[in-house]
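Listed below are the residues making up each chain.
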Amino acid sequence: MSSLFGTDGIRGVAGEPPLDPATIFRIGRCLVLQGCRSVVVGRDTRESGPWMEEALSRGLSAAGARVTSAGVLPTPAVSVLCRDSEFDAGVVVSASHNVYSDNGLKFFTERGRKLSRRRELWLESLIAADDATSPAPPPLRSSPPALIRTDPGCLGRYSRFLRSALEVGSLEPLKLVLDCASGAASQVAPQVFSSLGARVTVIDAPPDGRNINRDCGAVHPRRMARAVIETGADFGAAFDGDADRAILADHRGRILTGDHILYVLARHLSERNRLPTRRVVATVMSNLGLEAALAGLGVSLVRTQVGDRNVLESMVEGGDALGGEPSGHIIFGEHSLAGDGILTTLKLAQVLLQEPRSLARLSAGLRLCPQVLRSVIVGGRGQDLLDDRKVRGSIESVQESLRGRGRVLVRCSGTEPVVRIMVEGEDREHLEECVEGIAAQIRSSLKRLAATSGARRRERS
């Protein structure tokens, strides 16, 4: 079987393999074969979430696991529950920032960490064996098995965790805008910030199953940025569908990425001697400007491959306190083992109260290099294209044109059927030309590979 796992769990179109009811049932059953006997399941607000959770829970229960349904819950909340409660595994039914028709499964160990690549490969092999030898699962029924229970208190435990991470007693007099992406943050984020005394304007909160991430949230933060200006807020935060990341806007409406957040937090922590290794962990996607700005603080930048799991693994290995990605996944070594958009926003609010300065001033020391990003839809041919001689030649040509004053990164997405292109340098116009040149070659090579595959199929028939 082809690899089920991408950068962050299993993701695809809800209802289609591997996210059809039968496969999801088998995934649950095989998770128990890895020793998971007590599992908590959370989900975001997609219309496919309830039946996917039911199929997964029935598979877990059929294999003897005790299943606790936490209902709609941010992904980092499930990490917290696994780490601090009796559960020895957790699963989140979510496709994060993807459109509502997609969905996915994210897995956590009893320590609250994402599955290692070794565990993923093991689970894949179990699913393949189960699919070949086991009968089809029973159809979904209206009455759940006795081993599945609902615990509405999970959200409250996560809320208490968030409050405990705050080092100030109140968020007064801060005024904030929260864009909840009509997703998993819609209930808990407004409650937590309001209970702490912040004046909160909430947008894109009521979910209807199909409006998650639709022209809102971390992938589309401009509506949040406009609301910050219109309401005179101190800053705003836009979460994604499962609230494991946040993109911010300062009081002027300027959008701030995860690189800005890392800079502000690193500066704040280093000045208070709370960055013991004098390092921040980021990924290959972080801007060269962040590396330069941190160096000015006497802080080094450690880079990993894309994915907050990779960031966390590096942080744990090096004993680092802070890490994250430009997309807004931020990990606080003292508190969390996963990216957490709500916790990130709380920590930024705390910084504004402790300094006190505006977010615009706090982030002014970071000068980002021009960076152009593009995604090309390639279906399942991503790796074939990266191995293609002409595509490799196009990438090498761009790297040479940058003359050592920039970077080019072309990779397969781990969450969508696309190849992502990033070119960074000094001249944005030149970067645009470079990205378009690589994208054009990828599209051309994709057509050639498709034609070659079609000809081979006709020959065999």
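Since we're looking at a predicted model, the values are computed, not measured. (Residues numbered from 1 in each chain as written. Predicted model: local features only at pLDDT ≥ 70, side-chain atom pairs only at ≥ 80, totals over all residues. Heavy atoms only, no water.)

### Section: the sheet that holds strand β4 (residues 66-72)
Selection rule: What makes two strands pair is DSSP finding at least two bridges between them. What counts as a helix is a DSSP run of H or I of at least four residues, what counts as a strand is a run of E of at least two, and both are numbered from the N terminus.
Reading across from one edge, β1-β2-β6-β5-β3-β4-β7 is the order of the seven strands in this open sheet, with mixed pairing throughout. With one partner strand each, in any of the chains shown, β1 (5-6) and β7 (148-150) form the two edges of the open sheet. One ladder, built from five bridges, connects strand β5 (residues 89-93) with strand β6 (residues 102-109); its direction is antiparallel. Across the sheet, Val92 pairs through a bridge with Lys106, a residue of β6.

### Some thoughts on the pattern of salt bridges
Here is the rule we go by: By definition, a salt bridge exists where a carboxyl oxygen of Asp or Glu is found within 4 Å of a side-chain nitrogen of Lys or Arg. Relative accessibility under 20% of the residue-type maximum defines a buried residue, over 50% an exposed one, and the middle range a partly exposed one, all with a 1.4 Å probe and only protein chains included.
Enumeration over the complete set of coordinates arrives at 37 salt bridges. Put simply, Glu53 and Arg43 hold a salt bridge, and the shortest N to O gap is 2.8 Å. Here Glu53, found in helix α2 (residues 49-62), pairs with Arg43, found in strand β3 (residues 38-43); they are 10 residues apart in sequence, far enough to count as distant. On the accessibility criterion, Glu53 (7% relative accessible area) is buried. For Arg303, the salt bridge identified is with Glu291, shortest N-O distance 3.0 Å. Of this pair, Arg303 sits in strand β14 (residues 300-304) while Glu291 sits in helix α9 (residues 288-296), placing them 12 residues apart in sequence. Put simply, Asp8, Lys106, Lys114, Asp242, Asp244 and Asp308 are held in one network by salt bridges that share partners.

### A closer look at the sheet that holds strand β12 (residues 255-256)
Taken in spatial order, the five strands line up as β9-β8-β10-β11-β12 in an open sheet, and their pairing is mixed. Of all the strands in the sheet, the pair left with one neighbour each is β9 (199-203) and β12. The pairing of strand β10 (residues 235-239) with strand β11 (residues 246-250) spans five bridges and is classified as antiparallel. What sits directly across from Phe239, in β11, is Ala246.

### Side note on the pairing of strand β8 (residues 175-179)
Of all five residues making up β8, four are buried, and the element is well covered by its neighbours. In this sheet, β9 lies alongside β8 in parallel orientation, the contact comprising five bridges. Each bridged residue has a counterpart across the sheet, and for Asp179 the counterpart in β9 is Ile203. Of the strand pairs in this sheet, β8 and β10 are connected by four bridges, and their pairing is parallel. Bridge pairing in β10 places Asp179 opposite Ala238.

### Looking at the pairing of β4
For clarity, the threshold we go by: Call a crossover right-handed when, viewed with both strands pointing away from you, the route from the first strand across the helix to the second goes clockwise.
In terms of residue burial, β4 counts as a mostly covered element, since five of its seven residues are buried. The pairing of β3 with β4 spans six bridges and is classified as parallel. In the sheet register, Val39 faces β4, and the bridge partner there is Val67. Traced from β3 through α2 to β4, the parallel crossover comes out right-handed. Two elements, β4 and β7, share three bridges in a ladder whose sense is parallel. Paired with Val67 across the two strands is Ile148, which belongs to β7.

### Observations regarding the packing of aromatic side chains
Rules: Between rings of Phe, Tyr and Trp, where Trp is taken as its six-membered ring, a pair exists when centres lie within 6.5 Å; planes separated by under 30 degrees are stacked, by over 60 edge-to-face, and by other angles tilted.
Across all of its chains, the model carries two aromatic pairs by this definition. Note on Phe5 and Phe107: the rings are 5.7 Å apart at their centroids and 55° apart in plane angle, and the pair reads as tilted. Placement of Phe5 in strand β1 and of Phe107 in strand β6 is noted, with a sequence separation of 102 residues between them. Among the residues examined, Phe5 registers a relative accessible area of 9% and is labelled buried. Judged by its relative accessible area of 4%, Phe107 is buried. Ring geometry for Tyr158 and Phe161: centres 6.1 Å apart, planes at 20°, overall stacked. One end of the pair is Tyr158 and the other is Phe161, both in helix α5 (residues 154-164) and three residues apart, which spans about a single turn. Like Phe161, Tyr158 is buried.

### Points about α5
Quick reminder: α-helices carry 3.6 residues per turn. Residues three or four places apart thus point the same way. Stated formally: Picture the helix axis, draw a direction to every C-beta atom, and the arc is the one those directions span. Contact definition: two residues touch when any of their heavy atoms are within 4.5 Å.
All of the buried residues along α5 are Cys154, Leu155, Tyr158, Ser159, Phe161 and Leu162. Angularly, the buried residues of α5 cover 160° about the axis, an arc narrow enough to put them on a single face. Facing away from the buried surface of α5 by more than 90 degrees, the exposed residues are Arg160 and Ser164. As for α5, its buried residues are in contact with β4, α3 (75-84), α6 (185-195) and α11 (341-354).

### Examining α2
Heads up, the rule is: Helices are assigned an expected span. That span is 1.5 Å times one less than the residue count.
Taking 1.5 Å per residue as the helical rise, α2 with its 14 residues ought to reach 20 Å, and the 20 Å between its terminal C-alpha atoms agrees with that figure. A large share of α2 lies buried, amounting to 10 of its 14 residues. Restricting attention to buried positions, one finds in α2 the residues Gly49, Met52, Glu53, Ala55, Leu56, Ser57, Arg58, Gly59, Leu60 and Ser61. Residues of α2 that are buried in the fold lie against α1 (21-33), β3, β4, β5, β6 and β7.

### What about unusual backbone geometry?
Residue Pro17 is joined to Pro18 through a cis peptide bond whose omega torsion reads 5°. Structurally, the position occupied by Pro18 is in the loop between β2 (9-13) and α1. Residue Glu172 is joined to Pro173 through a cis peptide bond whose omega torsion reads 5°. Residue position: Pro173 is located in the loop between α5 and β8. Of note, the phi angle at Asp215 is positive, near 55°, even though the residue is not glycine. Secondary-structure assignment places Asp215 in the loop between β9 and α7 (222-231). The phi dihedral of Arg403 falls on the positive side, at around 55°, and the residue is not glycine. Following the sequence through the fold, Arg403 ends up in the loop between α14 (389-402) and β18 (407-412). A relative accessible area of 73% places Arg403 in the exposed class.

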